[in-house]
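# Close look at the chain arrangement
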Amino acid sequence: MEADDIDIKKIRRENSGKRKKIASENTQHDAASHYTDNPVIISAKDITKSFRMGRTNLRVLKGVDVQVHRGQFMAITGSSGSGKSTLLHLLGGLDRPDTGMVEFNGCNIADYSAGKLNKYRNKNVGFVFQFYHLLDELTVLENILLPVMASAGTIAWLAKSSKAKKAAMDLLELVGLADRAKQKSYQLSGGERQRVAIARALINKPDIILADEPTGNLDSKTGNGILNLFEDLNRAGQTIIMVTHDELIAHRTHNVVKLVDGKIE
Ligand SMILES: Nc1ncnc2c1ncn2[C@@H]1O[C@H](COP(=O)(O)OP(=O)(O)O)[C@@H](O)[C@H]1O
Ligand SMILES: [Mg+2]
């Protein structure tokens, strides 16, 4: 029994070392410096956003300012319907603010060409959603490779594919699912699917991970595992903005901002 215990511990230790190595290889920035010493990578400046609801106008964001430094792990909280997802979509270039702007490395993303905006969504940011949004009929490996396929043409994909597959396998190891590469994603549990979604978000080495309630559909133990993974990634230098309505989860990040009545409290 004792021997078994020690072996398991040893494997865990080795895995954890490997995970940290892969995590740090996957980020391009200096993990050693404290995030406040790093430049601001993304900011929302006085953003407003309304939605038309029949004849009325629903004012969701009423002048929101957020600033995130490279290497920072920030949580955005707020009650249901407070505009957390709306803000995350604006930061990720999935939607446009009515007024105000989103700046990435000091440039207003509204000034980007269509091509550059696509690249921003596909390469500069990586999205993780509450309900994973994997393609069920594809294998785990294929799901992780989708963002690479989407950003490369057919010819470029042929040239890149073996390197990309190796990178995807490394990420599967990072998220603890190396032995599941060939399984269809619908065969996995919720927590495992979210790990695959995180690997997919990482495959293009994004500057920023944008995660919308990534633990919202998971039991607390599984959610905790996902948060440990985010913490490892952040320690290796990954910038992360995570929406959550769970205060306990939020307080494991560097700082928490709260949306109340359309503004940051
Ligand atoms: N595309 C949309 N069209 C109309 N209303 C929307 C749209 N997206 C969000 N809303 C509304 O905006 C409010 C904020 O939504 P959301 O950002 O999803 O909140 P949260 O993520 O904090 O729960 C909600 O009342 C929601 O119904
Ligand atoms: Mg939401």
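Refer to the preceding data block for the structure.
These notes cover the structure that comes with them.

Conventions and cut-offs
- Residues numbered from 1 in each chain as written.
- Chains lettered and ligands numbered in written order.
- Predicted model: local features only at pLDDT ≥ 70, side-chain atom pairs only at ≥ 80, totals over all residues.
- Pairing = 2+ DSSP bridges.
- Helix = DSSP H or I, 4+ residues; strand = E, 2+ residues; numbered from the N terminus.
- Axes fitted to C-alpha atoms, helices over the stretch in contact; angles between N-to-C directions.
- Parallel < 35°, antiparallel > 145°, perpendicular 65-115°, else oblique.
- Left-handed = near helix turned anticlockwise from the far one by under 90°.
- Contact = placed C-beta atoms within 7 Å.
- Nonpolar A, V, L, I, M, F, W, Y, C, P; charged D, E, K, R; others polar.
- Expected span 1.5 Å × (residues − 1).
- Buried ≥ 20, exposed ≤ 12 C-beta atoms within 10 Å, placed from the backbone.
- Arc of directions from axis to C-beta.

By the bridge criterion, 11 bridges tie strand 1 (residues 40–53) to strand 2 (residues 56–69) in an arrangement that is antiparallel. Residue pairing across strands places V40 opposite H69, the latter belonging to strand 2. Counting the residues in the hairpin turn of strand 1 and strand 2 gives two residues, including G54, whose phi is positive at 65°.

Here we come to the packing of helix 4 (residues 140–151) against helix 5 (residues 154–174). When two helices pack together, their arrangement is given by the angle between their axes and by how far apart the axes lie. Here helix 4 crosses helix 5 at 130°, and the two axes come no closer than 9 Å. As the angle between them shows, helix 4 and helix 5 are arranged oblique. In the packing of helix 4 onto helix 5, the handedness of the crossing is right-handed. Note on element contacts: helix 5 touches helix 4 through W157, K160, A164, K165, A168, L171 and L172, opposite V140, L141, I144, L145, V148 and M149. Here the residues of the contact of helix 4 with helix 5 are counted per class, giving 11 nonpolar, no polar and two charged.

Now for the packing of helix 6 (residues 190–202) against helix 7 (residues 220–235). Two numbers describe how helix 6 lies on helix 7: the axes approach to 9 Å, and their chain directions differ by 20°. When the axis of helix 6 is compared with that of helix 7, the two are roughly parallel. In the crossing of helix 6 with helix 7, the sense of the turn from one axis to the other is right-handed. Taken together, the residues of helix 7 that come into contact with helix 6 (itself represented by G190, G191, Q194 and I198) are T222, G225, I226 and L229. Of the residues belonging to the contact of helix 6 with helix 7, the class tally is three nonpolar, five polar and no charged.

Under the 1.5 Å per step criterion, the end-to-end length of helix 7 is 22 Å for 16 residues, consistent within 8% with the ideal 22 Å. Residues of helix 7 that are buried: G223, I226, L227, L229, F230, L233 and N234. Taken down its axis, helix 7 places every buried residue within 155° of arc, on the same side. Directly after helix 7, the chain includes G237, whose backbone phi takes a positive value near 110°.

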